[in-house]
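# Chains, contacts and geometry: an overview
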Amino acid sequence: MQVLLVDHDGVNRYTVSKSLQRVGYIIVESSFGDEALELFNSQHFDLVLSEIDLPGIDGIELLHRIKAQSPDAMVVLMTENASVETAVQALRAGAHDYLIKPCSSQEIRASVDRGIERARNLMRRRRMLDAIERNVEELVREEALATVSSDDASREPLAPAESARAAPTDSSMALAGLAVAPGRYQIGIGQQSLV
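Residues numbered from 1 in each chain as written. Predicted model: local features only at pLDDT ≥ 70, side-chain atom pairs only at ≥ 80, totals over all residues. Heavy atoms only, no water.

The predicted model of the chain has a mean per-residue pLDDT of 83, with 76% of residues at 70 or higher. Predicted confidence for residues 158–170 stays below pLDDT 50, and this span has seven contacts to residues more than four positions away or in other chains. (pLDDT = per-residue confidence, 0-100. Contact = heavy atoms within 4.5 Å.)

With that settled, consider the layout of surface pockets. One number sums up the size of the second largest pocket: a volume of about 340 Å³. Along the walls of the second largest pocket sit 18 residues, with His-44, Phe-45, Asp-72, Ala-119 and Met-123 positioned nearest its centre. Of the residues contributing to the lining of the second largest pocket, the split by class is nine nonpolar, three polar and six charged. (1 Å grid on protein atoms, 1.4 Å probe; cavity = no way out; pocket = protein on both sides within 12 Å on 5 of 7 lines; lining within 4 Å. Points joined across faces, edges and corners; volume = space filled by probe spheres on them. Nonpolar A, V, L, I, M, F, W, Y, C, P; charged D, E, K, R; others polar.)

Per the counting criterion, the structure on display carries seven salt bridges. Notably, a salt bridge pairs Glu-51 with Lys-101, separated by 2.4 Å at the nearest N-O pair. Taken together, the positions of Glu-51 in strand β3 (residues 47–51) and Lys-101 in the loop between β5 (97–100) and α5 (105–153) put the pair 50 residues apart, joining distant regions of the chain. In this structure, Glu-51 and Lys-101 share a single accessibility class: buried. Between Arg-126 and Asp-72 there is a salt bridge, with its nearest N and O atoms 2.6 Å apart. On the criterion of sequence distance, the pair formed by Arg-126 in helix α5 and Asp-72 in the loop between α3 (59–69) and β4 (75–79) is long-range, its members being 54 residues apart. A relative accessible area of 45% places Arg-126 in the partly exposed class. In this structure Asp-72 comes out as partly exposed when scored by relative accessible area, which is 28%. Through salt bridges with shared partners, a single ionic network connects Asp-7, Glu-51 and Lys-101. (Salt bridge = Lys/Arg side-chain N within 4 Å of Asp/Glu carboxyl O. Helix = DSSP H or I, 4+ residues; strand = E, 2+ residues; numbered from the N terminus. Buried < 20%, exposed > 50% of the residue type's maximum accessible area, 1.4 Å probe, protein only.)

For the rest of this paragraph, the subject is the pairing of β5. With four bridges joining them, β4 and β5 adopt parallel strand pairing. Directly across from Val-76, in β5, lies its bridge partner Asp-97. Traced from β4 through helix α4 (residues 84–92) to β5, the parallel crossover comes out right-handed. (Pairing = 2+ DSSP bridges. Right-handed = clockwise from strand over helix to strand, strands pointing away.)

Here it is, written out as structure tokens:
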């Protein structure tokens, strides 16, 4: 797992980097928000761990820009100058976590671990939704082909075997409000038929 670590304080950056490397993370370091944004745009990171108080683009603005480009990106923010206002602002902007320094290596690793797990779960969910979408598109195409074929076949009587195969079945499947009736090539949401 690759983490982008953004902190202007070289000592803190070194300490956090070594702590995360010891448990197997690959760390790419940056001192400035604009440099971190360039790195984020040029390669894949599983999580961004950033100080809020950065020169130039601060951590909150960095968070906004990252989320604008990649809404599922996991970002953990750290600060020494904690305030309720900053914490609310960070979490509303989509920060996965908000750490108040000084924080222990265990706290940082635990936050990063949770963020990575959440990123993996989001990725799995996106893949499942993409697969469902592809399957629905395939069913719609098959229905369109079946409709064209049935229009041609309606001109001639069906043989008994074909008639049995075309008969509707009552075995329908439902998944998250989407109902599929395989024997009838029907897809619907609730009581409304899509095809």
